[in-house]
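# Topology and contacts: notes
The residues making up each chain are set out below.
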Amino acid sequence: MPNFAFGLGVGTKSSTGEWLEVYYSAPLLNASAELIDAVSGVVAYEGGNAAIELKDADLKKLEAAFLSVGAKDQALVTEVLEGTKQPLVLCILASDEGPTSTAEVYLKLALLSNRLVKPHGLSLAGMFGLLPNVAWTNEGAVALEDLPRRQLEARAQGRVLDVQSVDKFPKMANYAVPAGIRVGDTSRIRLGAHVGEGTTVMHEGFINFNAGTLGVSMVEGRISAGVVVGNGSDVGGGASTMGTLSGGNNVVISVGENCLLGANSGLGIPLGDRCTVEAGLYVTGGSKVTLLDDQNNDVEVVKAADLAGKPDLLFRRNSQNGRIEVKTNKSAIELNEELHKHN
């Protein structure tokens, strides 16, 4: 049977030998049994989930093994890496279980950002304990304990080691740039984000890991961890979506297709298709909302959570009495085709 995932990676270690990060240029989903068998003749793989450290001498043999089963992309990776002094790893995941090594985490994040798997399509249980906090610099990943010396060495050579962030996650664009996207500021999209074809992320837009868009979208606000935005939906400037990393919230927030989150709005419930949240309105599960009929008469008051996932709704704030009102959004928004058609 095919294995779940496969990747030949090159990465960075700290001065004490700890893996800091791994780059997979051509990760595979459901690698063929023939490829796994061919690789097993070169490295000591005995099945299961494994991250096997390689030596440069292994690459020639692996290249031949890849070519023998027609895996040309993988063979090209070995060809480019031959002679490198950087640490190498072969990661094979026989099944989708919680990762047990940094190399496994990075392979799963690469699967997401290369659009091989959609958000929530992988087990990431326990991943935070496997990702070291790293100084991401203009010279790559640097362990925090190594940073003072690296900075001093740079100064001694008359240059500055530029620390761009200190985080567990690097920016996605240094690991994957999927086709058909535009990004104003690459530092605002973390590795593990899923950016759908046709998506534009403006300079203030943000996408966290295991989250993102499934198609054409304009993102000028925040897509938090775990949040998925459907095709044809826009996230307005300053808009925010509630993630599931803190606050004890176990509800997965999502945005359906052809929706609009207005500028500076907020979303704390799953939104159905063709819905609009007006600018400046923050809707949480506990928000009390007044349902209106077609004549704008009150029908009943419910919690916003009771409307989770329902389509064709317009959420708005009554400017006279301040209450949140919801009515059927029969004239669902039409996105600006001119903004999206050139992606």
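Residues numbered from 1 in each chain as written. Predicted model: local features only at pLDDT ≥ 70, side-chain atom pairs only at ≥ 80, totals over all residues. Heavy atoms only, no water.

Summarizing the sequence annotation, UniProt attributes the feature "binding site: Mg(2+)" (unreviewed entry) to Glu204 in the numbering used throughout. Structurally, the position occupied by Glu204 is in the loop between β10 (199-201) and β11 (206-207). Judged by its relative accessible area of 58%, Glu204 falls in the exposed class. Setting aside anything within four residues of it in sequence, one finds Glu204 in contact with Arg188, Glu220 and Gly221. (UniProt positions renumbered as here; feature names shortened; annotations may be inferred. Helix = DSSP H or I, 4+ residues; strand = E, 2+ residues; numbered from the N terminus. Buried < 20%, exposed > 50% of the residue type's maximum accessible area, 1.4 Å probe, protein only. Contact = heavy atoms within 4.5 Å.)

All right, on to the sheet that holds strand β21 (residues 276-277) then. Within a sheet, neighbouring strands are paired by backbone hydrogen bonds and run either parallel or antiparallel to one another. Overall, mixed pairing links the 10 strands, which are arranged β9-β10-β13-β16-β19-β21-β25-β26-β23-β24 in an open sheet. The outermost strands of the open sheet, each flanked by one partner alone, are β9 (182-183) and β24 (298-303). (Pairing = 2+ DSSP bridges.)

Turning next to helix α2 (residues 56-68). Among the residues of α2, Asp58, Leu59, Leu62, Glu63, Ala65 and Phe66 are the ones counted as buried. Packed against the buried residues of α2 are β1 (5-13), α1 (33-40), β4 (50-54), α3 (72-81) and β5 (88-93).

All right, on to the packing of α1 against α2 then. Relative to each other, α1 and α2 sit at 155 degrees, their axes nearing to 9 Å. Classified by the angle their axes make, α1 and α2 are roughly antiparallel. α1 and α2 meet at a crossing whose hand is right-handed. On α2, the residues that touch Leu35, Ala38 and Val39 of α1 are Leu62, Ala65, Phe66 and Ser68. (Axes fitted to C-alpha atoms, helices over the stretch in contact; angles between N-to-C directions. Parallel < 35°, antiparallel > 145°, perpendicular 65-115°, else oblique. Left-handed = near helix turned anticlockwise from the far one by under 90°.)

This part covers the side chain of Thr78. Relative to the helices and strands, Thr78 resides in helix α3. Assessed through its relative accessible area of 0%, Thr78 is described here as buried. At 2.6 Å, the side chain of Thr78 forms a polar contact with the backbone oxygen of Ala75. Sequence-distant contacts of Thr78, that is, excluding residues within four places in its chain, are made with Leu8, Leu59, Leu62, Glu63 and Phe66. (Polar contact = N/O pair within 3.5 Å; in protein donor to acceptor, adjacent residues only side chain to side chain.)

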